[in-house]
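These are the residues of each chain, in order.
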Amino acid sequence: MATRVLPPALLPLILLLLLPLSARDTVAAGEDFPRDGRVIDLDESNFEAALGAIDFLFVDFYAPWCGHCKRLAPELDEAAPVLAGLSEPIVVAKVNADKYRKLGSKYGVDGFPTLMLFIHGVPIEYTGSRKADQLVRNLKKFVAPDVSILESDSAIKTFVENAGTSFPMFLGFGVNDSLIAEYGRKYKKRAWFAVAKDFSEDIMAAYEFDKVPALVAIHPKYKEQSLFYGPFEENFLEDFVRQSLLPLVVPINTETLKMLNDDQRKVVLTILEDDSDENSTQLVKILRSAANANRDLVFGYVGIKQWDEFVETFDVSKSSQLPKLLVWDRDEEYELVDGSERLEEGDQASQISQFLERYRAGRTTKKKISGPSFMGFLNSLVSLSSLCILIFVIALLVVMVYFAGQDDTPQPRRIHEE
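The residue numbering used here restarts from 1 in each chain and proceeds along that chain's sequence as written. Local features in this predicted model are restricted to residues of pLDDT 70 or higher, and side-chain atom pairs are both shown and tallied only at a pLDDT of 80 or more, whereas totals for entire chains, interfaces and linings draw on every residue. The side-chain numbers reported here are obtained from all heavy atoms of the structure, hydrogens and water having been left aside.

**Re the nonpolar core**
Here the nonpolar core consists of buried residues drawn from Ala, Val, Leu, Ile, Met, Phe, Trp, Tyr and Cys, with membership extended through side-chain atoms lying within 4.5 Å. Residue exposure (1.4 Å probe, protein chains only): buried if accessible area is under 20% of the type maximum, exposed if over 50%, otherwise partly exposed. Ranked by size, the top nonpolar core spans 25 residues in total, and within it Leu42, Phe47, Leu57, Phe61, Tyr107 and Phe118 carry the most contacts. For this core, the secondary structure elements donating two or more residues are strand S1 (40-42), helix H3 (47-53), strand S2 (56-62), strand S3 (91-96) and strand S4 (114-119). Numbering of helices and strands starts at the N terminus; helices are DSSP runs of H or I of at least 4 residues and strands are runs of E of at least 2. Broken down by element, this core gets its largest block of residues, four residues, from S2. Not counting chain neighbours up to four residues away, the residues in contact with Leu42 comprise Phe33, Phe47, Ala50, Leu57, Ala93, Lys94 and Val95. Val250, Val267, Val298 and Leu336 belong to the second largest nonpolar core, which has 22 residues in total. Contacts are residue-level and defined by heavy atoms, with any inter-residue pair within 4.5 Å sufficient.

Written out as structure tokens, the structure reads:
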């Protein structure tokens, strides 16, 4: 019987079919993505392959003409090799979303730059600092365990040092880690969580607790610490975690205004002339004590010198008598407490207590803010770059229409016959 020889053209196909599935995927992808700390370019032809090949992919959706994008580029170049060297490496990539608009649209890109971290293909929008060092600190948190287990004093100290100051921390001492795990997953984008299994009396003294179980909430940036002894059941634990995501007294600025969007409590707002002077610093300490005893409210402060546009929405100007107290619903309404509109010199702690008593008794006058709502402020912060782009486009269209109406073709002169 004659032996039949397969045509040479079929051999590559047969070999491909014999490969394991993962190997076939690699061949199909046709892309070997570098992991050496370079910022890689992605487009519609290789983006999905990158998602499949890279566990942690940080993507900058940019536009070549965008000034913010140009300033971000060197920060990404600096951060990329550090992120690539982590125990859980993060690869940094960029996509020209102005050119590949279909890809940008798929992930909801509506402004530049838009930053997203893809964790096993699942996108999380990144809105934190864009400076290289802070960007590294923030992204390290995203790829860290939901809850870190700490077995010694040195592990506790290392964890706190590595966490930095950008996010609050929740340290459980003698707490069942399964109780904390739920909140570690739920609030992963906003805080660090850890459970210490072994610790000394020195650690207890350092974090100011004298019995276990205990949960310590720390805000390194604001040098604040709160303590929770339980009960570790029902809604009590989550209420403490949720309320402690913000510092006891919040300085109102563009960053913290966004943080308030995730909190449902009303804001006891103190309006000052200058939130950085000595008198204001002392007042904030008094407000911190009041905030600790009134966890159902957020306490915030803002100086007219620091943010007059925001302050003026509450009908406060530089000629107003300050400090002034009010309760803001975080949107379009606020309440003045009858007889306690401002703080006088003297015993300000008693005045604040009286303000809160009268507020809870309903002795208030409701007002409408005179400027944009909370969401209006938030949207104005988010879409400022988009507004600049819109103005530029409109101006460009006006110029184009103007010149289109100018006919440069010489017109023949008419000779009028007499």
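**With respect to the side chain of Lys141**
Structurally, Lys141 is set in helix H6 (residues 132-143). Although Lys141 is buried, it forms no salt bridge, and the closest oppositely charged side chain is Asp146 at an N-O distance of 8.9 Å. A positive count includes Lys and Arg, and a negative count includes Asp and Glu. His and the chain ends are not counted in either. Salt bridges are defined as contacts in which a side-chain nitrogen from Lys or Arg sits within 4 Å of a carboxyl oxygen from Asp or Glu.

**A few points about the sheet that holds strand S11 (residues 249-251)**
Across a sheet, strands are paired by hydrogen bonds formed along the backbone, either parallel or antiparallel in direction. Spatial strand order, S11-S13-S12-S14-S15-S16: six strands in an open sheet with mixed pairing. Since the sheet does not close on itself, it has two edges, and those belong to S11 and strand S16 (364-368), each with one partner. With direction set aside, neighbouring strand axes in the sheet form an average angle of 30°. For two strands to count as paired, DSSP must find a minimum of two bridges between them. In terms of strand pairing, strand S14 (residues 324-328) meets strand S15 (residues 333-337) through two bridges, oriented antiparallel. Its bridge partner lying in S15, Val327 is registered against Glu335. Here an axis means a line fitted to C-alpha atoms, over the contact stretch when the element is a helix, while the angle between two N-to-C directions is reported on a 0 to 180 degree scale. Together, strand S12 (267-272), strand S13 (298-303), S14, S15 and S16 form the strand contacts of helix H14 (residues 348-360), whose direction differs from that of S14 by roughly 35°.

**Overview of the environment of Val95**
The residue Val95 is located in strand S3 in this model. Taking the C-alpha atoms as reference points, Val95 and Ala63, 32 residues apart in sequence, are found 8.4 Å from one another. If we ignore the near neighbours within four places in the chain, the residues touching Val95 are Leu42, Phe47, Val59, Asp60, Phe61, Tyr62 and Leu103.

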